[in-house]
Amino acid sequence: MQITVLAGGVGGARFVRGLVHALAADPALGPDPSITVIGNTGDDITLVGLRVCPDLDTLLYTLGDGVDEDQGWGRAQESTRVSGELATLGVGPEWFTLGDLDLGTHLARSRWLAQGMTLSQVTARLADRWGLPARGVRLLPATDTPIETHVVVDDEDGGERAIHFQEWWVKHRAALPVRRFTVAGLAGATAAPHVLDAVRGADLVLLPPSNPVVSIGIILGVPGVREALRGTRAPVVGVSPLLGGRPVRGHADACLAPLGVEVSAAGVAGLYADFLDGWLVDDADAAARYPTGVQVRALDLLMRDQPGAARLARAALDLGRELRGTPAPVRRA
Ligand code: GDP
Ligand code: CA
């Protein structure tokens with residue numbers, strides 16, 4: 001059983017960790033289920049000369065049991081002595097947290113990239129460090145081509161200016177009105193090795209409750225990915241990141257509105273309508289109208305803890321199995 005997941009940061013990582021646990025508890029899936037995670041790289045940014053990949057790092061730390069659980073990103077038991085010193089020196093953005101242990105990741109990544117390794121190769125090394133292969137998880141960046149999501153906002157003279165997505169999201173807390181999103185480098189990017197094959201050859205493709213515009217939307221924009229999703233024989237099952245019209249965390253609403261997309265589970269499903277087969281929504285959204293041909297199931301969509309994330313992943317696996325024509329196993333409550 002090959003499962004391919006397109007993921008952003010926190011929502012994606014928590015869901016995939018739940019998926020790992022759900023698969024471990026599900027012998028019905030046969031021996032050696034394997035998970036390929038295709039991670040968003042649009043959030044990537046160069047800070048104090050170092051290449052930072054926030055979504056890939058959140059996936060690594062979460063799946064490797066090294067994440068700060070309360071925050072959802074960054075390392076557990078982290079300190080910020082280095083960034084304190086950088087601030088004293090007047091270097092580096094004070095709005096972006098770079099923890100000391102986290103800086104180790106960015107230093108290693110930047111060194112390996114400077115030595116000529118691709119982001120895929122770097123990510124594979126980091127995934128080894130975090131024990132992902134032993135958990136049956138392969139982590140691929142969506143593309144090895146450097147891309148960066150920018151947000152076009154108003155400037156003071158009535159014109160416009162583009163700022164890095166992280167500056168808009170972290171420094172301005174997504175409060176600056178958005179004219180549009182652009183992704184530098186995306187049109188000329190190529191999918192990273194194995195990405196398109198992982199979609200085409202999957203038995204099941206899952207979209208976790210990641211941001212539909214700046215996480216999953218970026219991966220879908222990598223040339224070839226959307227076509228692969230349309231063409232795959234695997235069912236594509238997604239989980240809504242919006243519950244009752246609101247994101248659980250983050251600012252997905254501020255990303256959808258500028259696109260003219262309804263801020264709802266149905267609005268997000270509409271963005272995926274050309275390839276989506278199954279859609280998990282919250283009980284609060286059960287009565288809405290969804291794109292035709294999409295099988296919708298309503299349940300409690302909140303991942304309150306790790307068992308809650310595993311329960312959500314199991315619901316996605318069950319819907320996938322149903323769509324493949326294999327009934328879900330009977331489980332004791
Ligand atoms: P980011 O890169 O850290 O912003 O993370 P993602 O793009 O992976 O995920 C952000 C999305 O996850 C937000 O739109 C949240 O609404 C959604 N999310 C977070 N926690 C939950 C949860 O428990 N349940 C559901 N359904 N969505 C969630
Ligand atoms: Ca992100």
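Residues numbered from 1 in each chain as written. Chains lettered and ligands numbered in written order. Predicted model: local features only at pLDDT ≥ 70, side-chain atom pairs only at ≥ 80, totals over all residues. Heavy atoms only, no water.

Draft legend 1. Molecular detail of the site of ligand 1. Residues in close proximity to ligand 1 total 20 residues, the closest being Pro209, Ser210, Ser215, Pro241 and Met303. One of the backbone N or O atoms of Gly9 is found 2.9 Å from an oxygen atom in ligand 1. Within the side chain of Asp55, a nitrogen or oxygen atom sits 3.1 Å from an oxygen atom of ligand 1. Protein contact buries 92% of the 590 Å² of open area that ligand 1 shows by itself. (Near = heavy atom within 4 Å. Polar contact = N/O pair within 3.5 Å; in protein donor to acceptor, adjacent residues only side chain to side chain. Areas by Shrake-Rupley, 256 points an atom, 1.4 Å probe, with all protein chains shown as cover.)

Draft legend 2. Main features of the pairing of strand S9 (residues 204-207). Alternating residues of S9 divide into Leu204 and Leu206 and Val205 and Leu207, and every residue in both groups is buried. Relative to S9, strand S1 (residues 2-7) runs parallel, the two sharing 3 bridges. Across the sheet, residue Ile3 finds its bridge partner in S9, namely Leu204. By the bridge criterion, 3 bridges tie S9 to strand S10 (residues 236-239) in an arrangement that is parallel. Looking across to S10, one finds that Leu207 is bridged to Gly238. (Buried < 20%, exposed > 50% of the residue type's maximum accessible area, 1.4 Å probe, protein only. Helix = DSSP H or I, 4+ residues; strand = E, 2+ residues; numbered from the N terminus. Pairing = 2+ DSSP bridges.)

Draft legend 3. Quick look at unusual backbone geometry. The backbone of Asp65 sits at a positive phi, close to 60°, despite the residue not being glycine. Position of Asp65 among the secondary structure elements: in the loop between helix H2 (54-63) and helix H3 (81-88). Asp65 sits in the exposed class, given a relative accessible area of 52%. Of note, the phi angle at Ala174 is positive, near 60°, even though the residue is not glycine. Counting through the fold element by element, Ala174 comes out in the loop between helix H6 (165-171) and strand S8 (178-184).

Draft legend 4. Seen up close, the domain arrangement of the chain. Each assigned domain of the chain is listed here: domain 1 (2-145 + 188-324) and domain 2 (148-184). Each of domain 1 and domain 2 was reduced to a C-alpha centroid, and the two centroids are 23 Å apart. Contact with domain 1, which involves 20 residues of that partner, is made by 15 residues of domain 2. Summed over both partners, the interface of domain 1 with domain 2 buries about 1400 Å², with 72% contributed by carbon and sulfur atoms. One can count 1 salt bridge joining domain 1 with domain 2. The salt bridge partner of Glu148 is Arg51, with a shortest N-O separation of 3.1 Å. (Domains from an automatic or database assignment. Contact = heavy atoms within 4.5 Å. Buried area = accessible area lost by both parts, 1.4 Å probe. Salt bridge = Lys/Arg side-chain N within 4 Å of Asp/Glu carboxyl O.)

Draft legend 5. Inspection of the nonpolar core at higher detail. Grouped together as the largest cluster of nonpolar side chains are 51 residues, with contacts concentrated most on Trp168, Leu229, Tyr272 and Trp279. The two domains that each donate at least three residues to this core are domain 1 (2-145 + 188-324) and domain 2 (148-184). Contacts of Tyr272, omitting those with residues within four sequence positions, involve Leu207, Pro212, Ile216, Leu220, Arg226 and Trp279. Membership of the second largest hydrophobic core comes to 46 residues, among which are Leu23, Leu29, Val67 and Leu204. (Core = buried A, V, L, I, M, F, W, Y, C linked by side-chain atoms within 4.5 Å.)

Draft legend 6. Molecular detail of the sheet that holds strand S2 (residues 34-39). Pairing is parallel across the open sheet formed by 7 strands, whose spatial order is S5-S2-S1-S9-S10-S13-S14. Each edge of the sheet is formed by a strand with only one pairing partner; in this case those strands are strand S5 (137-141) and strand S14 (295-299). Neighbour-to-neighbour, the strand axes of the sheet open up by a mean angle of 20°, direction not taken into account. Here 3 bridges tie S10 to strand S13 (residues 278-282), and the two strands are oriented parallel to one another. Residue pairing across strands places Gly238 opposite Trp279, the latter belonging to S13. (Axes fitted to C-alpha atoms, helices over the stretch in contact; angles between N-to-C directions.)

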